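Structural features, examined
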Amino acid sequence: MAKRPESDTFIDMFGRFGRDLKLPNVDVEAILSHHRKNLEALEKSARASAAGASSLLSRQREMLQDTLHEIADMAQDYRAPGDPRELMAKQTAFARKSFETALKNAGEVAELARKSGTESVEILRDRIKEAMEEIRSGYDKK
């Protein structure tokens, strides 16, 4: 019994199976092309998701570094002796600035996540539309 190479992909095996059966009116290459496009769309979507996650993590790291620098600057200001009212005013200003920055950062992170998710879903949505057109055109030929 001849031993087949183990490196055959699922698509190769499916194509060989279809050709070996010699089924009438079945365009095995069209089926393979269709599934190849599906896999390419999934890969493209996954890459878009990974790129979005990477940029999101990078931006969050930048935000954290900025926050740590602000805290370090505030700590330096606390070391200087001064009027308690002035110190209280600095604390209030820092708290207000921290809250505003946290809101802005949360909005930016949410927008980055939304864009990443939207791009990934759009790739898949476009492929589904394309696949439906391929199916329709296949029925129109008959």
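Here, every reference points to the structure presented above.
Scope of this entry: the structure provided in the associated data block. Predicted, not measured: the structure shown is a model, and the values here were computed from it.

Analysis parameters
- Residues numbered from 1 in each chain as written.
- Predicted model: local features only at pLDDT ≥ 70, side-chain atom pairs only at ≥ 80, totals over all residues.
- Heavy atoms only, no water.
- Helix = DSSP H or I, 4+ residues; strand = E, 2+ residues; numbered from the N terminus.
- Contact = heavy atoms within 4.5 Å.
- Buried < 20%, exposed > 50% of the residue type's maximum accessible area, 1.4 Å probe, protein only.
- Polar contact = N/O pair within 3.5 Å; in protein donor to acceptor, adjacent residues only side chain to side chain.
- Patch = residues over 30% accessible without salt bridge, like charges linked within 9 Å, V, L, I, M, F, W, Y side chains within 5 Å.
- Areas by Shrake-Rupley, 256 points an atom, 1.4 Å probe, with all protein chains shown as cover.
- Salt bridge = Lys/Arg side-chain N within 4 Å of Asp/Glu carboxyl O.

Attention now moves to the overall build of the protein chain. Counting secondary structure elements, the protein chain contains three helices and zero strands. Its helices and strands in sequence order give the protein chain the pattern α-α-α, from N to C terminus. In the protein chain, the proportion of contacts linking residues at least 24 apart, taken out of those at least 6 apart, comes to 67%.

Let's shift gears to the environment of Arg-136. Tracing the sequence through the fold places Arg-136 in helix α3 (residues 84-140). Its relative accessible area of 44% is what places Arg-136 among the partly exposed residues.

Along the chain, the position of Ser-45 falls in helix α2 (residues 28-79). A distance of 2.6 Å separates polar atoms of two side chains, one belonging to Ser-45 and the other to Ser-120. Beyond its immediate chain neighbours, meaning those up to four positions away, Ser-45 contacts Ser-120, Ile-123 and Leu-124.

A cluster of nonpolar side chains, contributed by Leu-39, Leu-42 and Leu-124, occupies part of the molecular surface with about 260 Å² of accessible area. Structurally, Leu-39 is set in helix α2.

Before going further, it helps to examine the pattern of salt bridges. Following the criterion strictly, the structure yields nine salt bridges and no others. The partner of Arg-47 in a salt bridge is Glu-43, and the shortest N-O contact between them spans 3.6 Å. Taken together, the residues Arg-47 and Glu-43, both in helix α2 and four residues apart, mark about one turn of the helix. Here Arg-125 makes a salt bridge to Glu-122, at a shortest N to O gap of 2.4 Å. Taken together, the residues span about one helical turn, with Arg-125 and Glu-122 both in helix α3 at a distance of three residues. For Glu-122, a relative accessible area of 31% puts it in the partly exposed group.

What follows is about the side chain of Arg-59. With respect to the helices and strands, the residue Arg-59 is situated in helix α2. Leaving out residues up to four positions away in the same chain, Arg-59 has contacts with Asp-66, Asn-105, Glu-108 and Leu-112.

Turning our eyes to something else, we now look at the environment of Thr-118. Looking at where Thr-118 falls in the secondary structure, it is placed in helix α3. Sequence separation between Thr-118 and Ser-49 is 69 residues, and the spatial gap between their C-alpha atoms is 9.3 Å.

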